Amino acid sequence: MRSTNLLARWIKGEEPPKLTPEQVESYLAANRPSAETLLAAFQASGDKRWLQEAKEKYPNDPAVAFMALAKSDTSEERRQWLDTLKRVAPDNALADYLSANDYLKAGRTDDAVKELQAANAKPQLSDYWVERVQNAEEAYRSAGYFAGEAKAVALAALQLPQLAQFKQLAQSVLDLAASYRQAGDEASAQAALQTGLNLGQRLNTGQSTAIQDLVGMAIEKLAISAMDPATPYGTSGQTVKDHIDDLLAQRKTIKALNQTTEGLLPNLPEQDLVTYFDRLKVFGESPTLQWLAAKYAKQ
């Protein structure tokens, strides 16, 4: 009954419950101090002192650097953590993209272009969401939450502030492409559009949260819509217009899956509820919604 009530509240968009100071202290006392446990304490309670302690003790941990960046109070502190994240996670393009967004907002186009070039060359784009959700799950479990509800609350508490910044970046890159084109520099305009398209594709993987996939689709569509619709796209014989149609269909599918499955979670057996959230972390939200619909939705 507890899981059913909590999941119903989560689906309605209510704020997830926070752990009390006593619950957090008990969790930390039972676990070896680490970057993971301090981040879990912060995520599950909202108390910034645990993030501050993580920053002081584990400044070279990538997940700590990301969370410190997300919660920076000043532009100077933000720049410090952007540089730290680039240093401690040299294969992760996240800080380069966010740095480019900051530079474009400040009118520092040349610096932004360098950051975008660096981002394009890096093989990963990660916000450590799986690790962050897992950490919070363990903190909620230690406070007595059932397995299914601990997983649901941890996911509901997940913060993705970078997605709004990626959307800003995409629009700025599109504006940059337009300015290049107006100046007669078509090669630079195409390079800028390709950068925006690459960002969208890196977000729209189907292996993360559905909201990240949707943001990726929106960015892809924004970038590709600035191209000639009849231009060939990829190597499969598609045109730009064909790919836009595919993106719209993909978006429609995700929304339909959410509508089909939104009433199923509160009524799942506990073990299937646990399986749902475990599959989500391994395979991504959209494939997991497909699994849920295939197993439980009325045919």
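Residues numbered from 1 in each chain as written. Predicted model: local features only at pLDDT ≥ 70, side-chain atom pairs only at ≥ 80, totals over all residues. Heavy atoms only, no water.

Asker: Would you mind showing me how to read the overall build of the protein here?
Answerer: A tally of regular secondary structure across the protein gives 16 helices and two strands. Against the 2.2 N^0.38 benchmark of 19 Å for 299 residues, the protein shows a C-alpha radius of gyration of 21 Å, consistent with a compact globule. Projected onto its principal axes, the C-alpha positions of the protein cover 65 × 55 × 25 Å. Within the protein, residue pairs in contact and separated by at least 24 positions form 63% of the contacts whose partners lie at least 6 positions apart. When the accessible surface of the protein is totalled, it reaches about 14500 Å², and 52% of it is carbon and sulfur. Taken together, the 33 basic and 38 acidic charged side chains of the protein have centroids lying 3 Å from each other. (Helix = DSSP H or I, 4+ residues; strand = E, 2+ residues; numbered from the N terminus. Rg over C-alpha atoms; globule rule 2.2 N^0.38 Å. Contact = heavy atoms within 4.5 Å. Areas by Shrake-Rupley, 256 points an atom, 1.4 Å probe, with all protein chains shown as cover. Lys, Arg positive; Asp, Glu negative; His and termini not counted. Charge placed at Lys NZ, Arg CZ, Asp CG, Glu CD.)

Asker: Before we go on, may I ask you to explain the pattern of salt bridges in this structure?
Answerer: One side chain can pair with another of opposite charge once the charged atoms of both are near each other. For the coordinates displayed, the defined rule picks out 18 salt bridges. One salt bridge connects D83 with K86, and the closest N-O pair in it is separated by 3.9 Å. Remark: K86 and D83 occur in helix α6 (residues 75–88); sequence separation between them is three residues, near one turn of the helix. Under the relative-accessibility criterion, D83 is labelled partly exposed at 37%. (Salt bridge = Lys/Arg side-chain N within 4 Å of Asp/Glu carboxyl O. Buried < 20%, exposed > 50% of the residue type's maximum accessible area, 1.4 Å probe, protein only.)

Asker: Explain the packing of helix α8 (residues 109–121) against helix α12 (residues 186–203) to me, please; I cannot follow it from the model alone.
Answerer: A packed helix pair is summarised by two numbers, namely the angle formed by the two axes and the spacing between the axes. α12 packs onto α8 with a crossing angle of 45 degrees between their chain directions and a minimal axis gap of 11 Å. Relative to α12, the element α8 lies oblique. Where α8 crosses over α12, the handedness of that crossing is left-handed. Of α12, the residues touching α8 (which contributes L116, A119 and N120) are T195, N198 and R202. Residues that form the contact of α8 with α12 fall into these classes: two nonpolar, three polar and one charged. (Axes fitted to C-alpha atoms, helices over the stretch in contact; angles between N-to-C directions. Parallel < 35°, antiparallel > 145°, perpendicular 65-115°, else oblique. Left-handed = near helix turned anticlockwise from the far one by under 90°. Nonpolar A, V, L, I, M, F, W, Y, C, P; charged D, E, K, R; others polar.)

Asker: Got a minute to help me understand empty space enclosed by the protein in this structure?
Answerer: Unfilled space is identified by rolling a water-sized probe across the atoms. Scanning the model with the defined rule gives four cavities of 30 Å³ or more in all. Empty space within the second largest cavity amounts to approximately 50 Å³. Contributing elements (two or more residues each) for the lining of the second largest cavity: α5 (62–70) and α11 (162–182). Ranked by residues supplied to the lining of the second largest cavity, first place goes to α5 with three residues. Across the lining of the second largest cavity, the residue classes break down as five nonpolar, two polar and one charged. (1 Å grid on protein atoms, 1.4 Å probe; cavity = no way out; pocket = protein on both sides within 12 Å on 5 of 7 lines; lining within 4 Å. Points joined across faces, edges and corners; volume = space filled by probe spheres on them.)

Asker: In this structure, what is going on with the layout of surface pockets? I would like to understand it.
Answerer: In this structure, the second largest pocket spans a volume of roughly 290 Å³. If you trace the second largest pocket, you find 17 residues lining it, with L125, S126, W129, S208 and Q212 closest to the centre. Listed by contribution, the elements that provide at least two residues to the lining of the second largest pocket are α9 (129–142), α11 and α12. Here the lining of the second largest pocket takes three residues from α9, the largest share from any one element.

Asker: Explain the packing of α11 against α12 here, please?
Answerer: Taken N-terminus to C-terminus, the directions of α11 and α12 make an angle of 165 degrees; their axes are 7 Å apart at the nearest point. Between α11 and α12, the angle is such that the two are roughly antiparallel. Handedness of the α11/α12 crossing: left-handed. Residues F166, L169, V173, L174, A177, Y180 and R181 of α11 touch α12, and the partners they reach there are E186, S188, A189, Q190, A192, L193, G196, L199 and L203.

Asker: Sorry, what's going on with unusual backbone geometry here?
Answerer: Apart from glycine, the bulk of residues carry a negative phi angle, and the bulk of peptide bonds sit in the trans form. Even without glycine at this site, Y128 takes up a positive phi of about 60 degrees. Following the sequence through the fold, Y128 ends up in the loop between α8 and α9. Judged by its relative accessible area of 11%, Y128 falls in the buried class.

Asker: Which parts of the structure should I look at to understand the environment of K55?
Answerer: With respect to the secondary-structure elements, K55 resides in helix α4 (residues 48–57). Judged by its relative accessible area of 15%, K55 falls in the buried class. Each C-alpha atom of the pair K55 and L38 lies 9.5 Å from the other, and the pair is 17 residues apart in sequence. With near-sequence residues (within four places) excluded, K55 lies in contact with V64, A68, E77 and W81. There is a polar contact of 3.1 Å between the side chain of K55 and the side chain of E77. (Polar contact = N/O pair within 3.5 Å; in protein donor to acceptor, adjacent residues only side chain to side chain.)

Asker: How should I be thinking about the packing of aromatic side chains in this particular structure?
Answerer: The description of an aromatic ring pair rests on the distance of the ring centres and on the angle between the ring planes. Applying the stated criterion across every chain yields a total of three aromatic pairs. Relative to F166, the ring of Y97 has its centre 6.1 Å away and its plane inclined at 85 degrees; by these criteria the two rings are edge-to-face. Placement of the pair is Y97 in helix α7 (residues 94–105) and F166 in helix α11, with a sequence separation of 69 residues. The exposure classification of Y97 matches that of F166, with both residues buried. With centroids separated by 5.0 Å and ring planes inclined at 85 degrees, the aromatic side chains of Y276 and F277 adopt a geometry described as edge-to-face. (Phe/Tyr/Trp six-rings, centres within 6.5 Å; stacked < 30°, edge-to-face > 60°.)

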